[in-house]
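# Chain and residue survey
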Amino acid sequence: MAVAQAPSERNRQDTGPLRRYPDRGLIGGVCAGLAAHLGVDVRLVRALTAMVAIVGGLGLALYALAWALIPVAPESDGAARRPGAWREAVLIVLALLGVSVALRVSGVHFADSLAWPLVLGACGMALVWRPIAGARGRGVGGDGQASRERSRRAGAVDAPRLVIGALLVAFASAGLLHVVGVLHRNSLGNAIGAVAIIATVLGLLIVPWFVRLGRNLSSERAARIREQERARMAAHLHDSVLQTLALIQKRAEDPREVAGLARRQETMAGALERAAAEVEELHRVPIEVVTVGDGPLDGRLEAIVAAAREAMTNAAKFAGSERVDLYAEVQPDRVGVFVRDRGVGFDLQAIPPDRRGVRDSIIGRMERHRGSAAVHSTPGQGTEIELEMARGAGA
Amino acid sequence: MSSRPRVVIVDDHHLFRSGVRAELGGEVDVVGDAGDVQEAVRVIGVQQPDVVLLDVHMPDGGGVEVISRVADGPSQARFLALSVSDAAEDVIAVIRAGARGYVTKTISGVELAEAVRRVAGGDAVFSPRLAGFVLDAFAADAPEEASVSGPDRELDQLTPREREVLRHIARGYMYKEVAQRLGISVKTVEAHVSAVLRKLQLSSRHELSRWAVERRLVSLDAPAARGAAEP
């Protein structure tokens, strides 16, 4: 066991919660997942599972349950199994059958009447649960659209499978009821037993749906929050930090100016004019700034200034326009900023996803601050970016 | 009027005069230039140009002084203010003295020629900056003015349509584009702009002067004072 100890520490760190690894496993990757989680050799887990399976099929039931309940590890592609895994699995099943037949022949056998309904019922439940099991695990951490599409497809209930599973479960329940004897004798105690069994079966069928649903919701929310935070940081880094650095580099010989970059507190109009002056300085394109009204700069107005600055930078850098116009109106109830160029224009859909400028720094930023941004662009005729935000008590 | 307006350029920077002359050369006839008020009045008197391109800031009174002295004579010249100046006070003063428009020196040669033709034809020319100044000056409907009688009150306010036109100009749209976006003719846009110019020149709205001074004060020092001064 000393050998297994070292990887145990590493694996625990790497894998965290219990997950299945269909690509590493023979059937559903349950043993591989357990082994990784517990930090023991996968063969040990398999041997134990096989032994429990022989004992009246209880292991099979447990395996089926685990298959249905344990989510697929995100880094493991559930669709692709190891080559030859099925053949091995079939061999193992045959071996198990052989051993159990041998046990039976030699007289050591467990109550068949109880074991087989359990096995059948477990198989049926596994069939019922499988569709959701497939949907699970990749909805998070995948790349948005594609994974959402995939999980939607997988989440759609597979009707024949559901029917077969339900039939198996019903058959198993009937078997169990038969064993308990309620179908023969007519007494109150037996009726209660029957109700209890049926309730348990139904509960087993339904509970995993809820478990999964809750887990999906919470992990998706966590992922969304992470994504938002990441986008916010990326946007922040992209303009405020990188641009200030660029500016400081340009003004390196003027320490007073550099110091002033960090601490100036000002009004909306002043901030816009300064942003425009900086962009003008960096990209050598004249920016005509017109402001109507003004107000002290708060967090949300800072966001709109930052978005406007990004819009100006985009126009100055990519539009090839002779001049950029910025118009801002600051009213008590709303703020509007318009950045217009007469450059080449662009197609928002055609911007590669890794270019953060327009999407994160302008549109994303405005949305995060309960504002809105609209891009009107006609190739060849220029672009106007409209930024709007409600102000005042209601906002 | 010929298709090529005759233009005099007045600016105290020689380099700038020759720059504008070169930019406008192909589009209009530059018949003279001047570097100070005295010379400007003389050249305009001799050449009788259609349009005078006038710097707002010059020694001895600047553009306002040139306009008022030429107005005493027989000249039919129209004035177009051209400046890098950001002080609303100065710009409004030149307009109220009689200039038909205001453009900033960032304007391209083509656009400047267009502006000159427009002024020569009797229309007003608003740069985005001037449009912004006007929107700002006419922004608030001060309650104390509610008592002022009809015609004066009309001069003190912009109509919603005028406001919309000015807003588009401030956003950097040219007259033609403004017309297209608002679904009106260029002539109508010109009419709106001329009406605004008239209001700007004739309005007795005391906010106008107070606003200009305030704006200047604010841009010179404490930014907080401006926020507080607003209704």
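One structure accompanies this document, and this report is about it. Just so we're clear, the structure is a prediction, and the values are computed from it rather than from any experiment.

### Thoughts on the overall build of chain A
If you tally the helices and strands in chain A, you get 13 helices and five strands. Looking at the 395 residues of chain A, the share that counts as buried comes to 32%. Look at the contacts in chain A between residues 6 or more apart in sequence, and 71% of them connect residues 24 or more apart.

### Things to note about unusual backbone geometry
Notably, R370 of chain A is not glycine yet its phi reads approximately 60°, a positive angle. Here R370 of chain A is to be found in the loop between α13 (356-368) and β4 (371-378). Judged by the 11 C-beta atoms lying within 10 Å of it, R370 of chain A falls in the exposed class. Here Q48 of chain B, not a glycine, exhibits a phi torsion of approximately 45°, which is positive. Looking at the element boundaries, Q48 of chain B is found in the loop between α2 (37-47) and β3 (51-55). The exposure class assigned to Q48 of chain B is partly exposed, which follows from the 14 C-beta atoms found within 10 Å.

### Considering the nonpolar core
Ranked by internal contacts, the top residues of the largest apolar core, which has 107 residues, are L272, A308, M312 and L326 of chain A together with L80 of chain B. For this core, the element with the highest residue contribution is helix α12 (residues 299-319) of chain A, accounting for eleven residues. The residues contacting L326 of chain A, other than those within four sequence positions of it, are L272, A276, I287, E288, V289, V290, A308, M312, V337 and V339 of chain A. Of all hydrophobic cores here, the second largest spans 22 residues; its members include V30, A73, L120 and V169 of chain A.

### Remarks on helix α6 (residues 128-137) of chain B
Buried residues dominate α6 of chain B, accounting for ten of its ten residues. P128, R129, L130, A131, G132, F133, V134, L135, D136 and A137 of chain B are the residues of α6 of chain B that are buried.

### A closer look at the environment of A124 of chain B
Residue and element names in this part refer to chain B. Considering the arrangement of structural elements, one finds A124 in the loop between α5 (109-120) and β6 (125-126). Sequence separation between A124 and Y102 is 22 residues, and the spatial gap between their C-alpha atoms is 8.7 Å. A124 has contacts with R100, G101, V193, S194 and L197, leaving out every residue within four places of it along the chain.

### What to know about the sheet that holds strand β1 (residues 6-10) of chain B
Residue and element names in this part refer to chain B. Taken in spatial order, the six strands line up as β2-β1-β3-β4-β5-β6 in an open sheet, and their pairing is parallel. Strands at the two margins of the open sheet, each flanked by one partner only, are β2 (29-34) and β6. Strand direction decides the pairing type here: β1 and β2, joined by five bridges, are parallel. Looking across to β2, one finds that V7 is bridged to V30. Here α5 sits on the sheet in contact with β1, β3, β4 (78-83), β5 (101-104) and β6, set at roughly 150° to β4.

### Structural notes on the pairing of β1 of chain B
All names here are of chain B. Summarising burial for β1: four of the five residues are buried, a large majority. In this fold, β1 hands off to helix α1 (residues 14-24), which returns the chain to β2; that crossover is right-handed. Of the strand pairs in this sheet, β1 and β3 are connected by four bridges, and their pairing is parallel. Bridge assignment links I9 to a residue of β3, and that residue is L53.

### Notes on the packing of helix α8 (residues 160-170) of chain B against helix α10 (residues 186-202) of chain B
Residue and element names in this part refer to chain B. Packing of α8 against α10 brings their axes to within 10 Å, and their N-to-C directions diverge by 100°. By the criterion of interaxial angle, the relationship of α8 to α10 is roughly perpendicular. Here α8 contributes R161, E162, V165 and L166 to the contact with α10, which in turn contributes V189, H192, V193, A195 and V196. Each residue belonging to the contact of α8 with α10 can be placed in one class, and the counts come to six nonpolar, one polar and two charged.

### A few points about the sheet that holds strand β2 (residues 324-330) of chain A
Sheet strands pair via backbone hydrogen bonds, and the direction of the pair is either parallel or antiparallel. Residue and element names in this part refer to chain A. The mixed open sheet is built from five strands, whose spatial order is β1-β2-β3-β5-β4. Two strands bound the open sheet, and with one partner strand each, they are β1 (287-292) and β4. Within the sheet, the average angular offset between the axes of one strand and its neighbour, ignoring direction, is 10°. Relative to strand β5 (residues 382-390), strand β3 (residues 334-341) is paired through eight bridges, and the arrangement is antiparallel. From the neighbouring strand, V335 faces β5, where its bridge partner is M389. Where helix α11 (residues 268-283) meets the sheet, its contacts fall on β1 and β2, and the angle it forms with β1 comes to roughly 175°. Along the sheet, α12 makes contact with β1, β2, β3, β4 and β5, crossing β3 at roughly 5°.

### Some thoughts on the environment of H376 of chain A
Residue and element names in this part refer to chain A. In this fold, H376 is placed in strand β4. Owing to 14 C-beta atoms within 10 Å, H376 belongs among the partly exposed residues under this scheme. Along the sequence, H376 and G345 sit 31 residues apart, while their C-alpha atoms lie 8.8 Å from each other. Filtering out sequence-adjacent residues up to four positions away, H376 remains in contact with T383 and E384.

### Concerning the interface of chain A and chain B
Taken together, the 18 residues of chain A in the interface contact 17 residues of chain B. Mapped by element, the contributors of at least two residues to the side of chain A that touches chain B are β1, β2 and β3 of chain A. In terms of residue count, the dominant contributor to the side of chain A that touches chain B is β1 of chain A (four residues). Taken together, the residues of the side of chain A that touches chain B sort by class into six nonpolar, five polar and seven charged.

Calculation notes
Residues numbered from 1 in each chain as written. Chains lettered and ligands numbered in written order. Predicted model: local features only at pLDDT ≥ 70, side-chain atom pairs only at ≥ 80, totals over all residues. Helix = DSSP H or I, 4+ residues; strand = E, 2+ residues; numbered from the N terminus. Buried ≥ 20, exposed ≤ 12 C-beta atoms within 10 Å, placed from the backbone. Contact = placed C-beta atoms within 7 Å. Core = buried A, V, L, I, M, F, W, Y, C linked by C-beta atoms within 7 Å. Pairing = 2+ DSSP bridges. Axes fitted to C-alpha atoms, helices over the stretch in contact; angles between N-to-C directions. Right-handed = clockwise from strand over helix to strand, strands pointing away. Parallel < 35°, antiparallel > 145°, perpendicular 65-115°, else oblique. Nonpolar A, V, L, I, M, F, W, Y, C, P; charged D, E, K, R; others polar.

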